[in-house]
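A look at the structure
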Amino acid sequence: MPARSGPIVILTGAGISKESGLDTFRDAGGVWSQVRLEDVATPEGFARDPVRVQAFYNDRRRGLLGGAVLPNAAHEALARLERDWDDDVLLVTQNIDDLHERAGSRNLLHMHGELLKARCGHCDTVHDWRADLGAGDPCPACGAGGGMRPHVVWFGEIPLYMDRIVDALDRCALFMSIGTSGTVYPAAGFVAEVRERGRAHTVELNMEPGHGASLFAEIILGPATARVPAYVERLLAEGIPG
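Residues numbered from 1 in each chain as written. Predicted model: local features only at pLDDT ≥ 70, side-chain atom pairs only at ≥ 80, totals over all residues. Heavy atoms only, no water.

**Re the state of the cysteines**
Chemically, a disulfide is nothing more than a covalent bond linking the sulfur atoms of two cysteines. Scanning the model with the defined rule gives zero disulfides in all. Cysteine Cys120 is unpaired, with the sulfur of Cys139 as its nearest cysteine sulfur at 3.7 Å. A relative accessible area of 1% places Cys120 in the buried class. Among the cysteines around Cys123, which has no disulfide bond, Cys139 carries the closest sulfur, lying 3.7 Å off. Its relative accessible area of 32% is what places Cys123 among the partly exposed residues. (Disulfide = S-S within 2.5 Å. Buried < 20%, exposed > 50% of the residue type's maximum accessible area, 1.4 Å probe, protein only.)

**Topic: the pairing of strand E6 (residues 148-152)**
The buried fraction of E6 is high, at five of five residues. The sheet contact formed by strand E4 (residues 113-120) and E6 spans five bridges and is antiparallel. The partner of Arg119 across the bridge, within E6, is Arg149. (Helix = DSSP H or I, 4+ residues; strand = E, 2+ residues; numbered from the N terminus. Pairing = 2+ DSSP bridges.)

**Brief notes about the side chain of Asp97**
Relative to the helices and strands, Asp97 is located in the loop between strand E2 (89-93) and helix H6 (99-103). Here the side chain of Asp97 touches Ser17 through a polar contact of 2.9 Å, side chain to side chain. Reaching out from Asp97, the side chain makes a polar contact with the backbone nitrogen of Leu99 at a distance of 3.0 Å. Residue contacts for Asp97: discarding those within four places in its chain leaves Ser17, Leu22, Leu64 and His110. (Polar contact = N/O pair within 3.5 Å; in protein donor to acceptor, adjacent residues only side chain to side chain. Contact = heavy atoms within 4.5 Å.)

**Things to note about the packing of aromatic side chains**
Applying the stated criterion to the full structure yields four aromatic pairs. Ring geometry for Phe56 and Tyr57: centres 4.9 Å apart, planes at 90 degrees, overall edge-to-face. The two residues Phe56 and Tyr57 agree in class, both being buried. Summarising the aromatic geometry, the rings of Phe175 and Phe216 are spaced 6.2 Å apart at their centres and angled 15 degrees between planes, so their arrangement reads as stacked. One end of the pair, Phe175, is in strand E7 (residues 174-178); the other, Phe216, is in the loop between strand E8 (201-206) and strand E9 (218-221), with 41 residues separating them in the sequence. In this pair, the class of Phe175 matches that of Phe216, namely buried. Site record: aromatic cluster; members linked through ring pairs are Phe46, Phe56, Tyr57 and Trp154. (Phe/Tyr/Trp six-rings, centres within 6.5 Å; stacked < 30°, edge-to-face > 60°.)

**Points about the sheet that holds strand E3 (residues 108-110)**
An order of E3-E2-E1-E7-E8-E9 is seen for the six strands of this open sheet, with the pairing classed as parallel. Each having just a single partner strand, E3 and E9 make up the two edges of the open sheet. Averaged over all adjacent pairs, the angle separating strand axes in this sheet is 15 degrees, with direction ignored. Bridge count for E2 against E3 is three bridges, and the pairing is parallel. The residue bridging Leu91 from the neighbouring strand is Leu108, located in E3. (Axes fitted to C-alpha atoms, helices over the stretch in contact; angles between N-to-C directions.)

**Things to note about the UniProt feature "binding site: Zn(2+)" (unreviewed entry) in the protein**
Those residues carrying the UniProt feature "binding site: Zn(2+)" (unreviewed entry) are Cys120, Cys123, Cys139 and Cys142 in this numbering. The greatest C-alpha distance among the annotated residues, which extend across 23 residues, is 8.6 Å, indicating that they converge on a single site. With respect to the helices and strands, the residue Cys139 is situated in the loop between strand E5 (126-128) and E6. Among all residues touching Cys139, those that are not within four sequence positions of it are Cys120, Cys123, His127, Ala144 and Met148. (UniProt positions renumbered as here; feature names shortened; annotations may be inferred.)

**Considering the domain arrangement of the protein**
What the domain assignment reports for the protein is domain 1 (8-21 + 71-112 + 159-238) and domain 2 (23-68 + 115-152). Centre-to-centre separation of domain 1 and domain 2, based on C-alpha positions: 25 Å. Between domain 1 and domain 2, the residue contacts involve 14 residues of the former and eleven residues of the latter. Interface of domain 1 and domain 2: buried area, both sides summed, is about 920 Å²; carbon and sulfur atoms make up 59% of it. (Domains from an automatic or database assignment. Buried area = accessible area lost by both parts, 1.4 Å probe.)

**Some points on helix H9 (residues 224-238)**
Relative to the 21 Å expected for 15 residues at 1.5 Å per residue, H9 spans 20 Å between its end C-alpha atoms, a close match to the ideal helical length. Within the sequence span of H9, burial applies to Ala224, Val228, Tyr231, Val232 and Leu235. For H9, the angular spread of buried residues about the axis comes to 100 degrees, placing them on one side. For H9, the exposed residues set more than 90 degrees away from the buried face come down to Ala237 and Glu238. Downstream of H9 by a residue or two, Gly239 has a phi angle that is positive, lying close to 85 degrees. (Expected span 1.5 Å × (residues − 1). Arc of directions from axis to C-beta.)

Written out as structure tokens, the structure reads:
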């Protein structure tokens, strides 16, 4: 079958941002080896100790905005693919940083939320937020205090934009998974959904095979900053493998 064009869906995880200096969560020495996710990444943890949870995300927000963390060659290559590909390219990220946006990606869904936004638990309004967030800060929209929280999907909560993601997976001709462990659902199940339909090529680009590696038609191992630009170059030159 000849190479072809068609819509592309790209899933990215912590591995793509690790090379920009951001900690992953599940690797040895990652975030969850330093702090219990139950304490800082669940609704129950927030209800128990909102001051601690806000401090955790304030620290991460400062790190993201500190100037040392910048988009890398993999982020830039995906922005180029969106710009130069002759069909739809949807980027779905599990990451809560803004490195894809800074690199130039525009057709982007943050399924696990965004660190640089805050949401009011009283009126559900989402606000851009780059400063520290306090447990008693009032909502800029409704004025109520005590309800502002990071706009981040915690464990036990439903990821964002799932209807749009599932629709894109149903239509895609290529599904790429980059820098994700393949352990967190529903994202870990995306490759199985695509494979069931049997129409799309599937490729994993990772430092090591993820938990769902056997479901991919193609596995490319190595640093994202090397492998992603090379794969994008190949796609733009040759099209999607048949």
